[in-house]
Amino acid sequence: MNRTSPKPTPFPAELPDARSDIVSHTLKRIADSSPLDRAIAEARDALIAQQNEKGYWLYELEADCTIPAEYIMMMHFLDEIDPALEIKIANHLRARQAEHGGWPLYHNGELDLSCTVKAYYALKLAGDSCQAPHMVKARAAILERGGAARANVFTRIALALFGELPWRGVPYIPVEIMLLPKWFPFHIDKVSYWSRAVMVPLFILCTLKPKARNPRGVSIRELFTTPPEKERHYFQRSGFLAKAFLLFDHVGRMIDPLIPAVIRGHATKRAEDWVLQRLNGEDGLGAIFPAMVNALEAMVILGYPEDHPQRVTAKRALQRLLVVGPSSAYCQPCVSPIWDTALACLAMQEAGDDLSRDAATRALDWLKTKQLLDEPGDWRVRRPDLPGGGWAFQFANDFYPDLDDTAVVAWAMHQARDSTRYAESMRRALDWLVGMQSRDGGFAAFDADNTCYYLNKIPFADHGALLDPPTSDVTARVVTVLARIGRPQDKAALDRALAYLRKEQEDDGSWFGRWGTNYIYGTWSVLMSLAQAHVGTDDPMVKRAVAWLKLKQNADGGWGESNDSYAWQSRPAEEFGSTPYQTAWAMLALMSAGEAGSESVRRGAEFLLHTRQADDLWNHPSHTAPGFPRVFYLRYHGYSAYFPLWALAAYRNLTRRGIAH
């Protein structure tokens with residue numbers, strides 16, 4: 001989108017007058033400067049305007065329509081329906097139905113059966129007639145793809161809770177799993193943080209098998225090609241391990257009636273205590289929506305009254321995820337203040353002027369207060385003697401700090417105008433990061449050595465995202481901060497991580513991006529880390545990556561890559577339209593490899609200059625990252641705000657210093 005709209009005032013009216021005066025003065029000063037300088041200054045000012053008075057940045061984090069659909073289903077499960085909110089969420093769902101009749105997992109994606117089943121059910125619960133044109137179209141698309149019985153495990157569990165399919169249509173996950181010893185092939189400590197946070201309250205629900213209150217008695221039997229009670233093929237997974245686990249599943253169901261009540265009660269109490277210990281106040285269990293919903297519903301089934309403080313808090317945590325507008329609303333999967341703030345800091349530091357540095361300092365001072373030091377955490381299961389020092393992703397998630405956020409925060413602190421004020425925070429962060437290195441030299445998001453890959457074959461894990469193994473992008477971020485700060489005691493860990501990255505490079509020269517879309521993100525992450533680690537631009541690893549990025553540049557000068565690349569990994573990025581954030585990643589990657597003066601980077605900068613919008617920032621409707629590749633995707637609204645500013649500021653700084661190669 002070209003900047004053809006009239007320019008609004010750079011700040012909202014409610015901004016304090018003092019800051020408005022400063023910015024107005026700044027804009028007058030740059031009136032005669034170059035288009036690049038003006039773009040950087042105006043984008044910087046717009047970003048500062050979005051900074052909270054406490055110092056942090058927080059942008060919307062949007063998923064697909066599964067989450068808002070589940071919010072409606074939760075209200076009907078509990079018979080706690082907010083009619084006005086239900087209308088707004090239903091409006092949001094209808095507006096996002098695609099031409100193919102269903103709902104995709106990301107912008108312009110193909111129909112996802114599970115998301116479509118949930119969206120259809122939510123709309124019918126909200127009062128939409130199944131004869132309405134949009135419902136007819138959705139139903140036809142679902143039936144064409146085999147019906148609701150072919151939906152994923154999480155969707156089938158939701159339908160079982162509403163009595164829409166028999167419990168034999170979902171995996172056998174009894175609460176007695178809580179009593180298994182650590183040496184057993186399956187244990188909750190062997191799966192990822194997000195998996196255990198979702199699963200433990202789900203054990204209670206799937207054992208007690210409650211039925212939703214469903215006050216309007218809404219059913220969706222019309223979405224099944226075979227009556228659900230007659231369906232015999234709910235599990236269609238191939239391979240020896242998958243079939244072996246299905247056999248165990250079958251045996252478990254047979255012996256379930258023989259489990260003594262005292263053992264079931266003990267296991268249920270252990271699961272309940274596990275959830276309560278990690279309830280996390282108004283930030284919720286695991287600070288992620290699926291775990292929070294399961295926790296609230298489990299508490300209700302266990303008999304917590306409506307006015308019980310913990311039940312009230314659990315419900316409030318879910319309400320805090322809502323984004324409510326005048327006519328529509330949706331629910332976020334979680335919030336991202338630490339991540340947004342740390343990345344915005346890096347952009348501000350690259351901009352480099354006093355206003356930017358002051359904004360970054362305010363943010364870093366806020367971040368310093370959020371470091372997790374001596375709190376209990378599930379990561380301590382594998383590293384019991386390691387002192388804490390990480391940051392979470394959300395405002396509060398004490399049990400689950402993550403390495404990616406921790407590395408970026410420490411990176412920004414090291415670049416601060418006065419980094420000495422953060423010296424102890426950085427020391428604790430680096431000690432924790434190094435202590436969380438996995439055996440293969442890589443770093444994962446939340447745990448170390450979370451690599452029991454056989455568990456992805458259990459019936460529950462049809463999403464293939466039960467684990468948290470090391471990844472190139474997280475490893476690259478840790479390499480960046482270890483190399484920047486350069487403590488002698490970290491050299492061995494750094495060398496092992498660099499060897500891991502060298503091994504993980506794809507044949508075409510790129511790196512896979514686990515937590516951002518996708519190869520452009522992974523390649524940006526690694527090339528920036530290699531530069532900090534003083535890996536030369538003539539290294540074959542770097543040269544291959546540079547060649548790949550240049551090959552993927554679009555005709556308009558930008559870069560773009562769809563989430564389709566997670567499903568079709570050979571699909572070339574140039575088939576997708578350019579986006580501001582992916583263009584910024586590619587530019588930052590190339591500049592890290594000594595290409596600041598290249599034609600590719602110049603064209604990327606021109607693309608960003610010409611696509612800036614009337615609010616002085618950038619915007620794009622695409623989903624920017626996977627929660628779980630091929631299953632769940634996210635749109636970080638902040639990515640189009642701070643990444644382009646970071647890239648343009650770096651481009652200006654490098655070219656004007658004569659560092660362009």
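Structure first, text after, so check above.
Residues numbered from 1 in each chain as written. Predicted model: local features only at pLDDT ≥ 70, side-chain atom pairs only at ≥ 80, totals over all residues. Heavy atoms only, no water.

## Some words on the pairing of strand S5 (residues 632–636)
Then, number 1: Buried residues dominate S5, accounting for five of its five residues.
Then, number 2: Side chains of S5 alternate between two faces, with Phe632, Leu634 and Tyr636 and Tyr633 and Arg635 buried alike.
Then, number 3: Bridging between strand S1 (residues 61–62) and S5 involves two bridges; their strand directions are antiparallel. In the sheet register, glutamate 62 faces S5, and the bridge partner there is arginine 635.
Then, number 4: The pairing of strand S4 (residues 625–628) with S5 spans three bridges and is classified as antiparallel. Looking at S5, one finds that proline 626 is bridged to tyrosine 633.
Then, number 5: The loop that links S4 with its antiparallel partner S5 comprises three residues; one of these, arginine 630, has a positive phi angle of about 75°. (Buried < 20%, exposed > 50% of the residue type's maximum accessible area, 1.4 Å probe, protein only. Helix = DSSP H or I, 4+ residues; strand = E, 2+ residues; numbered from the N terminus. Pairing = 2+ DSSP bridges.)

## Looking at a nonpolar patch on the surface
Then, number 1: A cluster of nonpolar side chains, namely Leu247, Val251, Met254, Ile255 and Leu258, defines an oily patch on the protein surface of about 520 Å² accessible area.
Then, number 2: Looking at the secondary structure, you find leucine 258 in the loop between helix H9 (240–255) and helix H10 (261–277).
Then, number 3: Assessed through its relative accessible area of 67%, leucine 258 is described here as exposed. (Patch = residues over 30% accessible without salt bridge, like charges linked within 9 Å, V, L, I, M, F, W, Y side chains within 5 Å. Areas by Shrake-Rupley, 256 points an atom, 1.4 Å probe, with all protein chains shown as cover. Salt bridge = Lys/Arg side-chain N within 4 Å of Asp/Glu carboxyl O.)

## Concerning the packing of aromatic side chains
Then, number 1: Evaluation of the coordinates by the stated rule reveals 36 aromatic pairs.
Then, number 2: On the basis of an interplanar angle of 25° and a centroid distance of 6.4 Å, the ring pair of tyrosine 71 and phenylalanine 289 is categorised as stacked. Residue tyrosine 71 is located in helix H3 (residues 66–78), and its partner phenylalanine 289 is located in helix H11 (residues 289–301); the two are separated by 218 residues in the primary sequence. Comparing tyrosine 71 with phenylalanine 289 shows no difference in burial state: the two are buried.
Then, number 3: Look at phenylalanine 628 and phenylalanine 632: their rings are 6.0 Å apart centre to centre, the planes differ by 40°, and that puts the pair in the tilted class.
Then, number 4: By relative accessible area, which is 17% here, phenylalanine 632 ends up buried. (Phe/Tyr/Trp six-rings, centres within 6.5 Å; stacked < 30°, edge-to-face > 60°.)

## Thoughts on unusual backbone geometry
Then, number 1: The backbone of aspartate 79 sits at a positive phi, close to 55°, despite the residue not being glycine.
Then, number 2: With respect to the helices and strands, aspartate 79 occurs in the loop between H3 and helix H4 (83–95).
Then, number 3: On the accessibility criterion, aspartate 79 (40% relative accessible area) is partly exposed.
Then, number 4: The backbone phi angle of aspartate 616 is positive, close to 75°, even though this residue is not glycine.
Then, number 5: Within the fold, aspartate 616 resides in the loop between helix H22 (599–611) and S4.

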